[in-house]
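Here is what each chain is made of, one letter per residue.
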Amino acid sequence: MWPRHPTDRSYPELPLIDGDKVVRTNPDMDTLTAGYTERAVAFIRRNKDRPFFLYVPHSMPHVPLGASAPYRGQSKVGLYGDVIEEIDGSVGQILATLKESGLDESTLVIFTSDNGPWLSYGNHAGSAGPLREGKGTSFEGGVREPFVARWPGTIPAGRVSAVPLMTIDLFPTLAKLIGAELPMHPIDGRDAWPVLRGDPDARSPQEAYYFYWDRELQAVRSGSWKLHFAHPYRSLTGAPGRDGQPSGYSTARTELALFDLEADVGEKINVAAQHPAVVERLKALAEKARMELGDSATRQQGRGVRPPGTIPP
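These numbers were taken from a predicted model, which means no experiment stands behind them.

Undergrad: I'd like to hear about the overall build of the chain, residue by residue, with values.
TA: Counting its regular elements, the chain contains six helices and ten strands. Against the globule reference of 20 Å for 313 residues, the chain gives a C-alpha radius of gyration of 21 Å, in line with a compact fold. If one aligns the C-alpha atoms of the chain with their principal axes, the spans along those axes are about 55 × 50 × 45 Å. In the chain, which comprises 313 residues, the share counted as buried stands at 37%. For the chain, the proportion of contacts with a sequence separation of at least 24, taken over those separated by at least 6, is 54%. The centroid of the 35 positive side-chain charges in the chain is displaced by 2 Å from the centroid of its 38 negative side-chain charges.

Undergrad: Tell me about helix α2 (residues 78–100), residues and numbers included.
TA: The terminal C-alpha atoms of α2 lie 33 Å apart, and with 23 residues this matches the ideal 33 Å at 1.5 Å per residue to within 8%. Where α2 is buried, its residues contact α1 (32–47) and β3 (109–112). Just past α2, the residue glycine 102 takes up positive phi, approximately 75°.

Undergrad: Can you explain the packing of aromatic side chains? Please cite residues and give values.
TA: Tallying each qualifying case throughout the model produces four aromatic pairs. Seen from their ring centres, phenylalanine 43 and phenylalanine 52 are 5.6 Å apart, and the 90° between their planes marks the pair as edge-to-face. The partly exposed category is assigned to phenylalanine 52, whose relative accessible area is 28%. On the basis of an interplanar angle of 50° and a centroid distance of 5.7 Å, the ring pair of tryptophan 151 and tryptophan 193 is categorised as tilted. Of the two residues, tryptophan 151 is situated in the loop between β4 (147–150) and α4 (170–178) and tryptophan 193 in helix α5 (residues 193–197); the sequence distance between them amounts to 42 residues.

Undergrad: If you had to explain the environment of aspartate 82 to someone new, which residues and values would you point to?
TA: Tracing the backbone shows aspartate 82 in helix α2. Taking the C-alpha atoms as reference points, aspartate 82 and alanine 67, 15 residues apart in sequence, are found 6.3 Å from one another. Other than its neighbours up to four places away in sequence, aspartate 82 contacts Ala67, Tyr71, Arg72, Gly73, Gln74 and Ser75. Of the polar contacts made by the side chain of aspartate 82, one reaches the backbone nitrogen of serine 75; its length is 2.9 Å.

Undergrad: Before we move on, could you go through the environment of glycine 134 and cite the residues and values that matter?
TA: Mapped onto the secondary structure, glycine 134 falls in the loop between β3 and α3 (140–143). The sequence separation of glycine 134 and glycine 116 amounts to 18 residues, and the corresponding C-alpha distance is 5.2 Å. Not counting residues up to four positions away in its chain, the partners in contact with glycine 134 are Pro117, Leu119, Gly141 and Gly142.

Undergrad: Before we move on, could you go through the sheet that holds strand β7 (residues 225–228) and cite the residues and values that matter?
TA: Spatially, four strands are ordered β5-β6-β7-β10 in an open sheet, and the strand pairing comes out antiparallel. With partners counted over all chains shown, the strands left at the sheet margins are β5 (209–213) and β10 (257–260), one partner each. Averaged over neighbouring strand pairs, the angle between their axes works out to 20° when direction is ignored. Strand direction decides the pairing type here: β5 and strand β6 (residues 216–222), joined by five bridges, are antiparallel. Within β6, the residue paired with tryptophan 213 across the bridge is glutamate 216. Packed on one face of the sheet, helix α6 (residues 276–293) meets β5, β6, β7 and β10 and runs near 130° to β6.

Undergrad: Account for the nonpolar core, naming residues and giving values.
TA: Counting 15 residues, the largest nonpolar core has Val220, Trp225, Leu227, Phe229, Leu258 and Leu282 as its most contacted members. At the level of secondary structure, the elements contributing two or more residues to this core comprise β6, β7 and α6. Of all the elements, α6 adds the most residues to this core, at six residues. When near neighbours in sequence (up to four residues on either side) are disregarded, leucine 227 contacts Gln218, Ala219, Val220, Leu256, Ala257, Leu258, Val279, Leu282 and Lys283. Within the second largest apolar cluster, twelve residues are counted, among which are Leu32, Met60, Val63 and Ala67.

Undergrad: Now, about the side chain of glutamate 216: what can you tell me, with residues and values included?
TA: Mapped onto the elements, glutamate 216 comes out in strand β6. Within the buried core, glutamate 216 has no salt-bridge partner, and the shortest N-O distance to an opposite charge, that of arginine 253, equals 6.4 Å. The residues touching glutamate 216, leaving out its near neighbours within four places in the chain, are Phe211, Ala230, His231, Pro232, Asp295, Ser296 and Ala297.

Undergrad: Could you give an account of α6, with specific residues and numbers?
TA: Over its 18 residues, α6 runs 25 Å from end to end, which matches the ideal 26 Å to within 8%, given 1.5 Å per residue. Looking at the buried residues of α6, the elements they touch are β5, β6, β7 and β10. Two residues or fewer past α6, glycine 294 is found with a positive phi of approximately 85°.

Undergrad: A description of the environment of proline 183 should follow, citing residues and the corresponding values.
TA: Tracing the sequence through the fold places proline 183 in the loop between α4 and α5. By relative accessible area, which is 32% here, proline 183 ends up partly exposed.

What counts as what
Residues numbered from 1 in each chain as written. Predicted model: local features only at pLDDT ≥ 70, side-chain atom pairs only at ≥ 80, totals over all residues. Heavy atoms only, no water. Helix = DSSP H or I, 4+ residues; strand = E, 2+ residues; numbered from the N terminus. Rg over C-alpha atoms; globule rule 2.2 N^0.38 Å. Buried < 20%, exposed > 50% of the residue type's maximum accessible area, 1.4 Å probe, protein only. Contact = heavy atoms within 4.5 Å. Lys, Arg positive; Asp, Glu negative; His and termini not counted. Charge placed at Lys NZ, Arg CZ, Asp CG, Glu CD. Expected span 1.5 Å × (residues − 1). Phe/Tyr/Trp six-rings, centres within 6.5 Å; stacked < 30°, edge-to-face > 60°. Polar contact = N/O pair within 3.5 Å; in protein donor to acceptor, adjacent residues only side chain to side chain. Pairing = 2+ DSSP bridges. Axes fitted to C-alpha atoms, helices over the stretch in contact; angles between N-to-C directions. Core = buried A, V, L, I, M, F, W, Y, C linked by side-chain atoms within 4.5 Å. Salt bridge = Lys/Arg side-chain N within 4 Å of Asp/Glu carboxyl O.

Written out as structure tokens, the structure is:
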């Protein structure tokens with residue numbers, strides 16, 4: 001449940017189960033990040049003597065923004081900067097708790113995000129830098145995210161990798177690390193541990209990654225190549241919004257376009273005409289995905305599609 005409008009700071013109290021107790025959430029957006037952090041720290045201390053999985057999905061920096069008193073007004077770039085500094089402080093507190101609990105070298109910590117900036121919110125949205133477009137699109141500005149994996153003594157510090165992965169690969173990766181068996185029904189992700197571990201010759205565990213929007217297959221990526229199929233997408237109209245007030249979007253359209261992300265991360269230069277063999281290879285991969293997952297643009301019903309919340313018998 002979200003506030004009626006991003007500038008409406010009245011946040012309803014919702015029941016939350018904490019262990020065997022039902023508690024109330026804090027309706028103050030300014031203390032939301034601090035509250036998540038306090039609960040995360042308490043969870044680690046409470047479970048330090050047994051294996052655990054802790055998921056901390058910070059609502060920030062999604063609008064509406066809020067920062068607690070120690071961080072509010074402290075950054076040089078306004079409220080958005082305050083929010084980012086507090087998230088950074090939250091991560092620091094969680095890592096410090098792992099260390100003081102003697103868990104630093106036995107805990108894998110992963111930090112990432114789900115999508116790019118909501119560009120219509122301007123100074124409350126962050127920046128996609130050189131990437132094209134933002135949240136709500138299949139361009140790199142909407143889907144490419146930083147990903148940090150930390151495990152002292154196991155993952156080499158400071159290593160940077162350009163190997164593409166998706167968060168769908170986390171489930172089978174973590175399952176393998178703890179020795180858990182995967183379910184019998186199809187899993188889209190693949191074990192990516194060699195990449196996270198920093199193996200110098202590690203490759204992407206997937207032949208290709210597929211980008212869907214509202215059941216429409218809009219793009220496919222394999223290696224450094226990314227092929228966009230003709231599709232509409234939203235793009236900013238005029239100047240971005242400010243201070244929590246969004247600006248409008250217009251509908252743009254891309255035709256079939258191939259980009260070499262290694263040379264053109266901003267997806268500016270369509271090289272489809274120069275690389276017809278690559279286009280055909282990615283089209284063939286896309287057709288395999290349509291057969292399995294469907295595609296509303298081509299009105300295909302994938303053979304692997306099932307009603308939400310169910311698994312095959």
